[in-house]
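# Chains, contacts and geometry: an overview
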Amino acid sequence: MTGARPTNQQALDSTALMGAVPRPPRKDEPADGADQPAEQPKPRRGDRVVQLRAQQTDEGYKSVYSELTRPSVWSRVRTSLRFGGELLITFGLVVLLFAGYEIWGKSAIVDAHQGELSEQLAQAWGPEGDPTVAPSASPSSTPKPPVQGKPIAGLYIPKFDKEWIVVEGVTQKDIRYAPGHYPESALPGQVGNFSVAGHRNRATFWRLDELRKGDPILVEGRDEWYVYQVTDNLIVKPSQVEVVAPVPGQPGQKPTKRMLTLTTCNPKFDNYERLIIHAELTRTQPKSEGRPAELGA
């Protein structure tokens, strides 16, 4: 009959219409259309189960995790130690970069300036240059701007296989890239004390403390070689300026010897002392005779 309400039998799903008898729901099953609760994983043995609901206290409701997340003394200590460790690592990297510059970067800069000073000295000694100057240090056809300091002589220490061009003056600007001659002291080969100052870095007087009595130090002039031999290796205070007097250690005395004095900072990486090397002229050799035997072939 049209318009009649469907019976329970007509309300059965398609499964029932195909002849199957639907299973009635159990009491513990949710009704049709209700959300199925998510299955909670069973805790493993030894796991700590923490309820997620809030707890009521005298101060009101609070999360059960509040005690776990609240900063403690030890958590603050760990944070401070972590920050301090990162700071020390950063400081160490800065120190390594600075040391790298001191060892390699500054040496490369000084060597470049020494090459230019060598060219200027060769030009000042004559248009044909000096026959004892190595080809790499010969005058260049391309003019270059002058570097700081006026070159006056060459300085050689065979023990270190090192050589430098000495400039006039001992200010910080003068000796930035080269050893400098004390203006009031004698010139190479003269009676008195030819005194030279240099920085204590790897490009200049780094190993000066290794010189011993009898070691040769050579100075190259325009026409002659001057061969000195070490007589003293001293550590003095910066105020003891008598070490560069015409007679070392005896200011006011009239000189009779031809001396050489090298001065630098001591110890390495500091400057609260001065390292002093005294040497005495033992012989001279004309440059026309070639290089002195102390310099090797």
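This section reports on the structure supplied with the text. (Residues numbered from 1 in each chain as written. Predicted model: local features only at pLDDT ≥ 70, side-chain atom pairs only at ≥ 80, totals over all residues. Heavy atoms only, no water.)

## Here's the deal with the overall build of the chain
A tally of regular secondary structure across the chain gives 3 helices and 10 strands. Secondary structure of the chain in N-to-C order comes out as α-β-β-α-α-β-β-β-β-β-β-β-β. Looking at the 297 residues of the chain, the share that counts as buried comes to 31%. Residue pairs at least 24 apart in sequence account for 58% of intrachain contacts in the chain once pairs closer than 6 positions are excluded. (Helix = DSSP H or I, 4+ residues; strand = E, 2+ residues; numbered from the N terminus. Buried < 20%, exposed > 50% of the residue type's maximum accessible area, 1.4 Å probe, protein only. Contact = heavy atoms within 4.5 Å.)

## Observations regarding the pattern of salt bridges
Tallying each qualifying case throughout the model produces 5 salt bridges. Across the salt bridge formed by lysine 159 and aspartate 215, the nearest N and O atoms sit 3.2 Å from each other. In this pair, lysine 159 is assigned in the loop between strand 3 (151–157) and strand 4 (162–168) and aspartate 215 in the loop between strand 6 (192–197) and strand 7 (216–220), connecting sequence segments 56 residues apart. Overall, lysine 159 belongs to the partly exposed group, its relative accessible area being 40%. Overall, the relative accessible area of 16% leaves aspartate 215 in the buried class. Arginine 283 is the partner of glutamate 294 in a salt bridge, and the nearest nitrogen-oxygen pair spans 2.7 Å. Highlighted residues: glutamate 294 in the segment after strand 10 (273–286) and arginine 283 in strand 10, separated in sequence by 11 residues. (Salt bridge = Lys/Arg side-chain N within 4 Å of Asp/Glu carboxyl O.)

## With respect to the environment of leucine 117
When you line up the elements, leucine 117 lands in helix 3 (residues 73–125). Separated by 50 residues in the primary sequence, leucine 117 and valine 167 have C-alpha atoms spaced 8.5 Å apart.

## Here we look at the sheet that holds strand 4
As summarised here, the arrangement of the 8 strands in space is 3-4-5-6-9-10-8-7, forming a closed barrel in which the pairing is mixed. Where strand 9 (residues 258–266) and strand 10 come together, 8 bridges link them in antiparallel fashion. Looking at the pairing, leucine 260 lines up with alanine 279 of strand 10. (Pairing = 2+ DSSP bridges.)

## A short note on the pairing of strand 9
Of all 9 residues making up strand 9, 7 are buried, and the element is well covered by its neighbours. Bridging between strand 6 and strand 9 involves 6 bridges; their strand directions are parallel. Its bridge partner lying in strand 9, serine 195 is registered against threonine 261.

## Looking at a nonpolar patch on the surface
There is a patch of nonpolar side chains on the surface, built from Val73, Trp74, Val77 and Leu81 and spanning about 460 Å² of accessible area. For tryptophan 74, the position within the fold is in helix 3. (Patch = residues over 30% accessible without salt bridge, like charges linked within 9 Å, V, L, I, M, F, W, Y side chains within 5 Å. Areas by Shrake-Rupley, 256 points an atom, 1.4 Å probe, with all protein chains shown as cover.)

Any functional reading would require information that these geometric values do not contain.
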